[in-house]
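Breakdown of the fold
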Amino acid sequence: QVQLVESGGGLVQAGGSLRLSCAASGRTFSSVNMAWFRQVPGKEREFVTAIRWTGSSTYYADSVKGRFTISMDNARNTVYLQMNSLLPEDTAVYYCAAGVSGFFRTSSDYGIKALYNYWGQGTQVTVSS
């Protein structure tokens, strides 16, 4: 149905910036909500940010508010994660996710991993101190 491929990860110093990309392909992309999660070894996958398929609303974890920005380019079927003022605590594998919009009823739903049906392979972000 939907295939997601992340890119843009790498090594950056604390205080620096990175922009991740998630290229989507397949069917039903226009009505699929998009999100970014991250995971470190031994920990559960953690919600970072999400955007409604219409682009009308965005949601952020408290830990990244004011530093990260999610955006969407419908013409390229691509979702971006702009990460500024990076901290060592941001080090993780970042995953792009997509979920059918009809399953999302409230704002809190955007942070529920089970509602996302499609996942990318992940891209490593390492922030050095």
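Further up the page is the structure itself.
So, here is what we can say about the structure in this document. Worth saying up front: this structure is predicted, and the values here are computed from it rather than measured.

The subject of this paragraph is the packing of aromatic side chains. Scanning the model with the defined rule gives seven aromatic pairs in all. Ring geometry for Phe37 against Tyr116: centres 5.4 Å apart, planes inclined by 75°, an arrangement best described as edge-to-face. One end of the pair, Phe37, is in strand 4 (residues 32–39); the other, Tyr116, is in the loop between strand 9 (92–100) and strand 10 (118–119), with 79 residues separating them in the sequence. Side by side, Phe37 and Tyr116 carry an identical accessibility label, which is buried. Ring geometry for Tyr59 against Tyr110: centres 4.4 Å apart, planes inclined by 20°, an arrangement best described as stacked. Of this pair, Tyr59 sits in strand 6 (residues 58–60) while Tyr110 sits in the loop between strand 9 and strand 10; the two residues are 51 residues apart in sequence, bridging distant segments of the chain. The class of Tyr59 is buried, set by a relative accessible area of 18%. With relative accessibility at 3%, the residue Tyr110 sits in the buried group. Through successive ring pairs, a cluster of aromatic residues spans Phe37, Phe47, Tyr59, Phe104, Tyr110, Tyr116 and Trp119. A cation over a ring is seen here: Arg45 above Tyr95, with NZ or CZ 3.7 Å from the ring centre. One residue, Arg45, lies across the ring of Trp119, its end atom 5.0 Å from the ring centre.

A separate point is the sheet that holds strand 7 (residues 68–73). Reading across the sheet, the four strands line up as 1-3-8-7 and stay open at both edges, with antiparallel pairing between neighbours. With one partner strand each, in any of the chains shown, strand 1 (2–7) and strand 7 form the two edges of the open sheet. Sheet twist, expressed as the average angle between the axes of neighbouring strands with direction ignored, equals 20°. Here strand 7 runs beside strand 8 (residues 78–83); their pairing, made up of six bridges, is antiparallel. Of the residues in strand 8, the one forming a bridge with Phe68 is Met83.

Calculation criteria
- Residues numbered from 1 in each chain as written.
- Predicted model: local features only at pLDDT ≥ 70, side-chain atom pairs only at ≥ 80, totals over all residues.
- Heavy atoms only, no water.
- Phe/Tyr/Trp six-rings, centres within 6.5 Å; stacked < 30°, edge-to-face > 60°.
- Helix = DSSP H or I, 4+ residues; strand = E, 2+ residues; numbered from the N terminus.
- Buried < 20%, exposed > 50% of the residue type's maximum accessible area, 1.4 Å probe, protein only.
- Lys NZ or Arg CZ within 6 Å of the ring centre and 35° of its normal.
- Pairing = 2+ DSSP bridges.
- Axes fitted to C-alpha atoms, helices over the stretch in contact; angles between N-to-C directions.

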